[in-house]
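Breakdown of the fold
Listed below, chain by chain, are the residues.
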Amino acid sequence: MIKKILLYSILFSINIFAFDLGFGEIKIPDFKSENNSSTIKDNNISETFELKYKQEHYLEAAKIAASEETIIGNLNSAISYKNAKDYNHSNNIFDISEEDFKKDDTKNIFTSFIDTVGSVVLNDSFTSYPRKIYEGIMVNTYKGINFIYLDDNSNARVEFNRALDRQRRAKEYFEAEVAEYKKEQETKKEEFNKKQKDAKQKADIDSIANNKKTVSAIDKEYSNLFQFKAYPDFVNPFASYMAGLYFLKDGDYAKATDLFKEVYGMETSNIYVKEDLKLALKASKGLGGLGNKRYAWVIIEDGLAIKKIEKSIKLPLFIVTDKAMYSELALPNLEENIAGSKTYFVSSYQKKHKALLLSDMDKIIKTEFKKRFDMIKMKAITSTIAKTYFQTFLQEKAGALGMFTGAIYQSTTTGADLRMWTTLPKRFMLARVEIKNKPIKIYGDDKLLLSIPIKKNQNMIIFIKKSTPNTKVINETIYF
């Protein structure tokens, strides 16, 4: 409540300034409406959720996360219910998340205007949460897996097909998002730069963004982060593989073949995917399904995905204005979490088979972050310039005290948007072994994690999750 009062006071006090910059009068937004994941809400909810999640009290964590009434809260809640094996409730919360995604896709002009103003006069974390392509793909994939657990094959097929459709449309969706952003930014940039020229200010947005000192400071922070080989066109190999495995299980061998082929093209060192491809191809040619052999597929969700951290970059005042006390840029960066285990092995008798990388979730998140980074950067620079000039505006109105007030305002409201889905895994690993007459044993860093009993003449899909080195393993087994 205190934060909300403070924000409303700030918005009221800078109405004149925003109007002078060409944004018009700022209307006070309803920060609890639709899918807004504003930082107005007290951080106590997310902190309590993280504590309960780390303590493995998943049902409590799920309820706490859902009480945020945000996209991120719902996504974390759905995963927590899934961890607690409440698959119906998990899918119900995922359904709410999908509805929020649809609202984001069709948000109205007023919401877009509020987001633009909020981004400039405050920061990106006060705008509607910009959902990520990988999030939608993972929502449908997880729903498909939940339906498999619930023995609901028809709905599982629907969800896997939706995940694949999201992947097919991802590039088109992103290009449309970029086009809309560029159109909006060009209009605002022209208005903003004209105001600065009329006010005889020192520089416009582009000249500051392209200044050697600005570029050098940003490159220094991000040069190593962006050096990786991305998967093509937003495709997540895990989503494609899970769909392929479902279709193999369901007897749709042609579709399974196509999907395993796609996955193997992205992870060519994974011999298990190669063997699955051979198996599906053979079956699609009418040479028998799985034959007389029985197999156990072990799919491992390891670690927690990469997280966002804030990086502050001080801008030399002379490239913005010589009439301000302070100018700083705040950008999100990415920091990796540690793996649950460094290595995993699976055995069905005596020989241990090493689990291999199926999908690098960190890389998928980095890919989308990299593609959006120019948009994030330009919004942050625009916001920084506006706040820095706000200091000079207040100085003209109230002298040194006004400039000092403006510097405090900039320092208080400058921040990066660190919101993200925090309960995704770091990576997905895969092993496949032929079933003998012994339990399937799974090892993490040479320590026995699980021993799963077999059933006569039954194949198995074993899902395990190990989020940190110290958390217990969550597992579920499907026999078919």
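As shown above, the structure is provided for reference.
Residues numbered from 1 in each chain as written. Predicted model: local features only at pLDDT ≥ 70, side-chain atom pairs only at ≥ 80, totals over all residues. Heavy atoms only, no water.

**Topic: the overall build of the protein**
Quick note on the threshold: We count a stretch as a helix when DSSP gives it H or I for four or more residues in a row; a strand needs E for two or more, and each element gets its number in order from the N terminus. Exposure classes here rest on a 1.4 Å probe applied to the protein chains alone. A residue is buried below 20% of its type maximum, exposed above 50%, and partly exposed in between. When checking whether two residues touch, look at their non-hydrogen atoms; a contact exists if any pair is within 4.5 Å. For every accessible area listed, the method is Shrake-Rupley and the probe measures 1.4 Å; residues are considered covered only by the protein chains on display.
A count of helical and extended segments in the protein gives 15 helices and eleven strands. Looking at the protein as a whole, 54% of its 480 residues qualify as buried. When contacts within the protein are restricted to residue pairs at least 6 apart in sequence, those whose partners lie at least 24 apart make up 74%. When the accessible area of the protein is evaluated, it comes to approximately 22,200 Å², of which 52% is carbon and sulfur surface.

**Brief notes about helix H8 (residues 133–149)**
Under the convention used in this document: The span one expects for a helix is its residue count, reduced by one, times 1.5 Å.
Between its terminal C-alpha atoms H8 stretches 25 Å, which fits the 24 Å expected from 17 residues at 1.5 Å a residue. Most of H8 is tucked away, with 17 of its 17 residues classed as buried.

**Things to note about the packing of aromatic side chains**
Basically, it comes down to this: Aromatic contacts are taken between Phe, Tyr and Trp rings whose centres are within 6.5 Å, Trp giving its six-membered ring; a plane angle under 30 degrees counts as stacked, one over 60 as edge-to-face, and the others as tilted. Placement of a charge over a ring requires the Lys NZ or Arg CZ to be within 6 Å of the ring centre, with the centre-to-atom vector within 35 degrees of the ring normal.
A complete count under the given rule lists 16 aromatic pairs for this structure. Taking 5.3 Å as the distance between ring centres and 70° as the angle between the ring planes, the aromatic pair formed by Tyr246 and Phe247 counts as edge-to-face. For the pair Tyr246 and Phe247, one class covers both residues: buried. An aromatic cluster is present here, built from Phe49, Tyr53 and Tyr58 joined pairwise through their rings. Directly above the aromatic system of Phe228 lies the positively charged group of Lys370, at a separation of 5.8 Å from the ring centroid. Between Lys455 and the ring centre of Tyr479, over which it is positioned, the NZ or CZ distance is 4.4 Å.

**Observations concerning the sheet that holds strand S4 (residues 344–347)**
We count it as follows: Two strands form a pair only when DSSP identifies at least two bridges running between them. Comment: axis = line fitted to C-alpha atoms, over the contacting stretch for helices; angle = value between 0 and 180 degrees taken between N-to-C directions.
The strand order across the open sheet formed by four strands is S5-S4-S8-S9, and the pairing between neighbours is antiparallel. With partners counted over all chains shown, the strands left at the sheet margins are strand S5 (352–354) and strand S9 (447–452), one partner each. If you compare each strand with its neighbour and ignore which way they point, the axes differ by 25° on average. In this structure, strand S8 (residues 440–444) lies alongside S9, joined through five bridges in antiparallel fashion. Residue pairing for S9: Ile442 is matched across the bridge by Leu450.

**Observations regarding the pattern of salt bridges**
Defined as follows: By salt bridge we mean one thing: a side-chain nitrogen of Lys or Arg within 4 Å of a carboxyl oxygen of Asp or Glu.
Summed over the entire model, instances satisfying the criterion amount to 23 salt bridges. For Glu159, the salt bridge identified is with Arg162, shortest N-O distance 3.1 Å. On the criterion of helical spacing, the pair formed by Glu159 and Arg162 is a turn pair, its members being three residues apart in helix H9 (residues 153–198). Judged by its relative accessible area of 40%, Arg162 is partly exposed. For Arg372, the salt bridge is made with Glu368, and the minimal N-O distance between the two is 2.4 Å. With Arg372 and Glu368 both in helix H15 (residues 361–413) and four residues apart, the pair spans about one turn of that helix. Neither Arg372 nor Glu368 differs from the other in exposure class; each is buried. Here the salt bridges do not stand alone but share partners, grouping Asp95, Glu98, Lys143, Glu159, Arg162 and Arg166 into one network.

**Topic: the environment of Leu304**
On the secondary structure map, Leu304 appears in the loop between strand S1 (295–302) and strand S2 (307–314). The spatial distance from the C-alpha of Leu304 to the C-alpha of Lys466 is 8.7 Å, given a sequence separation of 162 residues. Not counting residues within four places of it along the chain, the set of residues in contact with Leu304 comprises Asn337, Ile338, Thr422, Thr423, Leu424, Pro425, Lys426, Ser467 and Thr468.

**So, helix H14 (residues 271–284)**
Put simply, the test is: Arc definition: directions from the helix axis to the C-beta atoms. Any pair of nitrogen or oxygen atoms within 3.5 Å is treated as a polar contact; in protein, a donor-acceptor pairing is required on top of that, and neighbouring residues in sequence qualify only through side-chain atoms on both sides.
Over its 14 residues, H14 runs 20 Å from end to end, which matches the ideal 20 Å to within 8%, given 1.5 Å per residue. Residues Tyr272, Val273, Asp276, Leu277, Leu279, Ala280 and Ala283 constitute the buried set of H14. Buried residues of H14, seen end-on, are gathered within an arc of 165° and therefore sit on one face of the element. Regarding H14, its N-cap is Asn270, as a side-chain oxygen of that residue lies 3.0 Å from the backbone nitrogen of Tyr272 further along.

The values reported here are purely geometric and, on their own, carry no functional implication.
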